[in-house]
Amino acid sequence: METWMHLLLEWLALPQFGLGTVFVVSFVSATLLPLGSEPAVFGLIKLNPDLFWPAVMVATLGNTLGGGVSWWIGLAAHKAVDRARGYHKDARAIAWLRRFGAKACLMSWLPVVGDPLCAVAGWLQLPFWPCLAYMAVGKFLRYLVMTTVLLHMMPGQVAL
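Definitions and cut-offs
- Residues numbered from 1 in each chain as written.
- Predicted model: local features only at pLDDT ≥ 70, side-chain atom pairs only at ≥ 80, totals over all residues.
- Heavy atoms only, no water.
- Helix = DSSP H or I, 4+ residues; strand = E, 2+ residues; numbered from the N terminus.
- Contact = heavy atoms within 4.5 Å.
- Phe/Tyr/Trp six-rings, centres within 6.5 Å; stacked < 30°, edge-to-face > 60°.
- Buried < 20%, exposed > 50% of the residue type's maximum accessible area, 1.4 Å probe, protein only.
- Lys NZ or Arg CZ within 6 Å of the ring centre and 35° of its normal.
- Axes fitted to C-alpha atoms, helices over the stretch in contact; angles between N-to-C directions.
- Parallel < 35°, antiparallel > 145°, perpendicular 65-115°, else oblique.
- Left-handed = near helix turned anticlockwise from the far one by under 90°.

What am I meant to see in the environment of S26 here?
For S26, the location among the structural elements is in helix 2 (residues 18-29). Taking C-alpha positions, S26 is 8.5 Å from V41, a pair spaced 15 residues apart along the chain. Those residues in contact with S26, other than ones at most four positions away along the chain, are S37, V41, A59, G62, N63 and Y143.

In structure tokens:
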């Protein structure tokens, strides 16, 4: 298994797959799987500074679409639980989130809580398109700030 994973990572690191890899990693990291996309984005930009804006945009798109998938998973889970219970009842612990509505998805960029937040938005049946729009804004700002700060903290080319 370790050899297979090593070969996959080598293949994804090839320059011609850079933006595709950033998209896939960003998409998967926005689901509930524990994976961070920031190293892939930073690495691609560090190796190819001219890809700053395309990498930020591709990462934002992948991460936003992954957040959308989490929203749909939350909605499906809610419907499954309602069917199993035979009635509709929300937990009181997430009632405060309902008060903020789709705007709460602006915080989907946060580590640890951001990805589950997208699933909870689906669970609460918050409107999909406004949630997706707020996710996109939050995730875009995260990638923009994160890569800009890292590039200023670590100037120069990466030594291979």
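More follows now that the structure is in view.
Would you explain the packing of aromatic side chains in this entry?
The geometry of an aromatic ring pair is captured by two quantities: the separation of the ring centres and the angle between the planes. Considering all chains together, one arrives at seven aromatic pairs under this definition. Seen from their ring centres, F52 and W53 are 5.1 Å apart, and the 90° between their planes marks the pair as edge-to-face. By relative accessible area, W53 is classed as partly exposed at 48%. Between W71 and W72, the aromatic rings sit 4.8 Å apart at their centres with planes inclined by 80°, giving edge-to-face as the arrangement. Feature note: the residues W71, W72, F128 and W129 constitute an aromatic cluster, connected by ring pairs. Lying over the aromatic face of Y143, R142 brings its terminal NZ or CZ to 4.4 Å of the ring centre.

Where do I start with the packing of helix 2 against helix 3 (residues 38-47) in this structure?
The packing of two helices is summarised by the inter-axis angle and the distance between the axes. One can describe the packing of helix 2 onto helix 3 by two numbers: an axis separation of 9 Å at closest approach and a directional angle of 165°. Relative to helix 3, helix 2 is oriented roughly antiparallel. As helix 2 runs across helix 3, the sense of the crossing is left-handed. Between helix 2, through G18, L19, V22, V25 and S26, and helix 3, the contact on the second element is made entirely by A40, V41 and L44.

Where do I start with unusual backbone geometry in this structure?
Both trends apply: most residues other than glycine have a negative phi, and most peptide bonds are in trans. One non-glycine residue with positive phi stands out, namely Q125, at about 60°. By the secondary structure assignment, Q125 is in the loop between helix 6 (114-123) and helix 7 (128-153). In this structure Q125 comes out as partly exposed when scored by relative accessible area, which is 42%.

So yeah, pure geometry; function would need other evidence.
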